[in-house]
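Listed below are the residues making up each chain.
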Amino acid sequence: MAKDSYLVGLIGSGIGPSFSPALHEREAGRQGLRLLYRLIDIDTLGVPPEAVGDLVRSARDLGFDGLNITHPCKQLVIEHLDALAPQAEALGAVNTVVFEDGRATGHNTDVTGFAASFARGLPDAPLQRVVQLGAGGAGAAVAHATLTLGAERVTVVDALPERAAALADSLNRHFGAGRAAAATPDALADLLNQADGVVHATPTGMAAHPGLPFPAELLHPGLWVAEVVYRPLETELLRTARALGCATLDGGGMAVFQAADAFRLFTGREPDSARMLADIAELAGGPVGARK
């Protein structure tokens, strides 16, 4: 018999402003389900990211049905799981854990979430040369999504050169030689000058990490700019880019579409992503998607 009551949560750092509880609980309520979504903030608990394994085990023992995993635990959680879905295994990053029959299985809905948001918001954006900032868990997902959408080449830039190189190597194995490259931040000026667009996949711009991820003068009107951060919906990067005439895509769509995919994994029910887009627009106080 199908369940009608669920307990899920989110593990991460600085997650107090997250819209995930409201997105999941509202959609569950509309479907006649009871769903309680708890925030498990490692900062509030005073534990390091490496404690994610203990937190996952505790959640399973307490009867949780599943968890979302966010920065900085998406890669650290993998060694503590019993199985990985193919997408999560290919990425080396997990953002959704489902508990079933005592087993914890890792999934990644960030890939499909970003791809759906980009296709909706910037359907005609040129994708010959794309620069991506950030090679962490979210970065791995959006790089996969961008190449899946048809990007010819993605150059990954990260403050940790070995992390950028590892992601580029993984992408080339998955998509074919020459589809990805790694670079250091000092190459950004040249890279952005020749790029069609830039995907921002670092925490910079979040409520807890305000500011720009690179100097504003590196932006130019020919670039499209896609953001992964959605708290706030309009980051300083998007505001600056739009003032220059860049087409922009906020992180709200990705947040909704990854949540919809996670909701499906948690409950086995089909979510209504249009209703969830309306939810996040109400929660964030503005329209979600692309703006020019």
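These figures come from a predicted structure and were not determined experimentally. (Residues numbered from 1 in each chain as written. Predicted model: local features only at pLDDT ≥ 70, side-chain atom pairs only at ≥ 80, totals over all residues. Heavy atoms only, no water.)

Some thoughts on the overall build of the protein chain
To keep it simple, the criterion reads: For the purposes of this entry, the term helix denotes a DSSP run of H or I that reaches at least four residues, the term strand denotes a run of E that reaches at least two, and both are numbered from the N terminus. Both definitions apply: the radius of gyration is a C-alpha atom measure, and the globule rule equals 2.2 Å times residues to the power 0.38. Buried means the residue's accessible area, taken with a 1.4 Å probe over protein chains only, is under 20% of the maximum for its type, while exposed means over 50%, and partly exposed covers the values in between. Residues count as neighbours in contact if any of their non-hydrogen atoms are within 4.5 Å of one another. Surface exposure here means Shrake-Rupley accessible area, sampled with a 1.4 Å probe, where a residue is shielded only by the protein chains that are shown.
Scanning the protein chain from terminus to terminus reveals 11 helices and 13 strands. In terms of overall dimensions, the protein chain is globule-like: its C-alpha atoms have a radius of gyration of 18 Å, near the 19 Å expected for 292 residues. Dimensions of the protein chain, computed from the C-alpha atoms along their principal axes, are close to 55 × 35 × 35 Å. Burial statistics for the protein chain: of 292 residues in total, 52% are counted as buried. Sequence-distant contacts in the protein chain: of pairs separated by 6 or more residues, those separated by 24 or more amount to 70%. For the protein chain, the exposed area adds up to about 12,100 Å²; of that, 52% sits on carbon and sulfur atoms.

Quick word on helix H11 (residues 273-284)
Counted only if it meets this: An expected span of 1.5 Å times one less than the residue number is assigned to each helix. The definition of a polar contact used here is a pair of N or O atoms within 3.5 Å, where within protein one atom must be able to donate a hydrogen and the other to accept one, and adjacent residues in sequence count solely through side-chain atom pairs.
Compared with the 16 Å implied by 1.5 Å per residue over 12 residues, the 16 Å span of H11 between its first and last C-alpha is a close match. Residues of H11 that are buried sit in contact with helix H1 (20-30), helix H5 (110-121) and helix H10 (252-267). Of the residues flanking the start of H11, the one acting as N-cap is Asp272, its side-chain oxygen 3.1 Å from the backbone nitrogen of Ala274. Phi for Gly285, located one or two positions after H11, is positive at around 75°.

Focus on the pattern of salt bridges
Note the cut-off: For this document, the term salt bridge refers to a Lys or Arg side-chain nitrogen within 4 Å of an Asp or Glu carboxyl oxygen.
According to the stated counting rule, one finds 16 salt bridges in the structure shown. Salt-bridge contacts for Asp65 lead to Lys3; the nearest nitrogen and oxygen are separated by 2.4 Å. One end of the pair, Asp65, is in the loop between helix H3 (52-61) and strand E3 (66-69); the other, Lys3, is in the segment before strand E1 (5-12), with 62 residues separating them in the sequence. The exposure class of Asp65 is buried, given its relative accessible area of 13%. Overall, the relative accessible area of 37% leaves Lys3 in the partly exposed class. Close ionic contact of Arg264 with Glu270 constitutes a salt bridge, the shortest N to O distance being 2.8 Å. Members of the salt-bridge network, linked through shared partners, are Arg26, Glu27, Arg30, Asp272, Arg275, Asp279 and Glu282.

Digging into the packing of aromatic side chains
Here is the rule: Aromatic pairs are defined between Phe, Tyr and Trp rings, using the six-membered ring for Trp, whenever the two ring centres lie within 6.5 Å; interplanar angles under 30 degrees are classed as stacked, those over 60 as edge-to-face, and all others as tilted.
Following the criterion strictly, the structure yields 3 aromatic pairs and no others. Between Phe114 and Phe118 the ring centres are 5.9 Å apart and the planes differ by 40°, which places this aromatic pair in the tilted class. Here Phe118 and Phe114 lie together in helix H5, a separation of 4 residues that amounts to about one turn. Accessibility classification places Phe114 together with Phe118 in one group, the buried group.

Notes on H10
It helps to recall that an α-helix has 3.6 residues per turn; residues three or four apart then point in one direction. Compared with an ideal rise of 1.5 Å per residue, which puts 16 residues at 22 Å, H10 spans 22 Å between its outermost C-alpha atoms and is within 8% of the ideal. With 14 of 16 residues buried, H10 is to be regarded as a mostly interior element. Gly268 sits one or two positions beyond H10 and adopts a positive phi of about 75°.

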